[in-house]
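# Close look at the chain arrangement
Listed below are the residues making up each chain.
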Amino acid sequence: GSVEQYLNHSNLPMSRSRDSALLFVDISGFTQISQLLDVESLSAAINSYFQMVIDEVLSHGGDVLKFAGDAIFCQWTASRHDTEKNLEY
């Protein structure tokens, strides 16, 4: 089989170009904080923090893409046809 056949029939990641804004947020000093708090307090604090971030992202039309430890990755996809809304953000 040729490379083209392999690429057309495999589950390789694909890429697309799109206009968007990305947000990556992590908690500064998280390692130190995690050493100071017990597990229950740390879990409650990070869940509360994530909930606040998620609420803001969603209320402004964004999408939460991924959580990784104390980090969160979000995206706002821009529409080329709705420039007034794009300027709002």
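Shown above is the structure to which this text applies.
The sections below set out a description of the structure shown in this document. Quick caveat: nothing in here was measured; it's all calculated off a predicted structure.

### Comments concerning the packing of aromatic side chains
The relation between two aromatic rings is expressed through the spacing of the ring centres and the mutual angle of the planes. Scanning the entire structure with this criterion turns up 2 aromatic pairs. Look at Tyr49 and Phe50: their rings are 5.9 Å apart centre to centre, the planes differ by 40 degrees, and that puts the pair in the tilted class. Using a relative accessible area of 24% as the deciding quantity, one classes Tyr49 as partly exposed. Phe50 sits in the buried class, given a relative accessible area of 10%. With 5.0 Å between their ring centres and 65 degrees between their planes, Phe50 and Phe67 make a pair best called edge-to-face. With Phe50 in helix H3 (residues 39-59) and Phe67 in strand S2 (residues 63-68), the pair connects residues that are 17 residues apart, well separated along the chain.

### Some details on the environment of Leu42
Assignment of secondary structure puts Leu42 in helix H3. Taking the C-alpha atoms as reference points, Leu42 and Phe30, separated by 12 residues in sequence, lie 9.7 Å from one another. The residues contacting Leu42, other than those within four sequence positions of it, are Phe30, Ile33, Ser34 and Leu37.

### A closer look at H3
In a regular helix each residue adds 1.5 Å, so 21 residues correspond to 30 Å; H3 covers 30 Å between its end C-alpha atoms and thus fits that length. When we look at burial in H3, the residues that qualify are Leu42, Ile46, Phe50, Val53, Ile54 and Val57. The arc that holds every buried residue of H3, seen down its axis, measures 100 degrees, which confines them to one face. Residues of H3 that are exposed and angled more than 90 degrees away from the buried face: Glu40, Met52 and Ser59. In this structure, the buried residues of H3 make contact with strand S1 (20-26), helix H2 (30-36), S2 and strand S3 (71-77). The N-cap residue of H3 is Asp38: its side-chain oxygen and the backbone nitrogen of Glu40 are 3.1 Å apart. Positive phi shows up at Gly61, right after H3, with a value of about 80 degrees.

Cut-offs and rules
- Each chain carries its own residue numbering, running from 1 in the written order of its sequence.
- In keeping with the model being predicted, local features are shown solely for residues with a pLDDT of at least 70 and side-chain atom pairs are shown and tallied solely at 80 or more, while totals for entire chains, interfaces and linings include all residues.
- Note that water and hydrogens are dropped before the side-chain values are worked out from all heavy atoms of the structure.
- Stacked, tilted and edge-to-face are the three classes applied to pairs of Phe, Tyr and Trp rings, where Trp contributes its six-membered ring and a pair requires centres within 6.5 Å; stacked means planes under 30 degrees apart, edge-to-face means over 60, and tilted covers the rest.
- Exposure is judged per residue with a 1.4 Å probe applied to protein chains only, and the accessible area is read against the type maximum: over 50% gives exposed, under 20% gives buried, and values in between give partly exposed.
- Secondary structure counts use DSSP, requiring at least four H or I residues in a row for a helix and at least two E residues in a row for a strand, with both numbered from the N terminus.
- In this description, contact between two residues means that some pair of their heavy atoms is separated by no more than 4.5 Å.
- To estimate how far a helix should extend, the number of its residues minus one is multiplied by 1.5 Å.
- To be clear, the arc concerns the directions from the helix axis to the C-beta atoms.
- Polar contact is defined as a pair of N or O atoms within 3.5 Å, subject to the rule that within protein one atom must be able to donate a hydrogen and the other to accept it, and that residues adjacent in sequence are counted only when both atoms are side-chain atoms.

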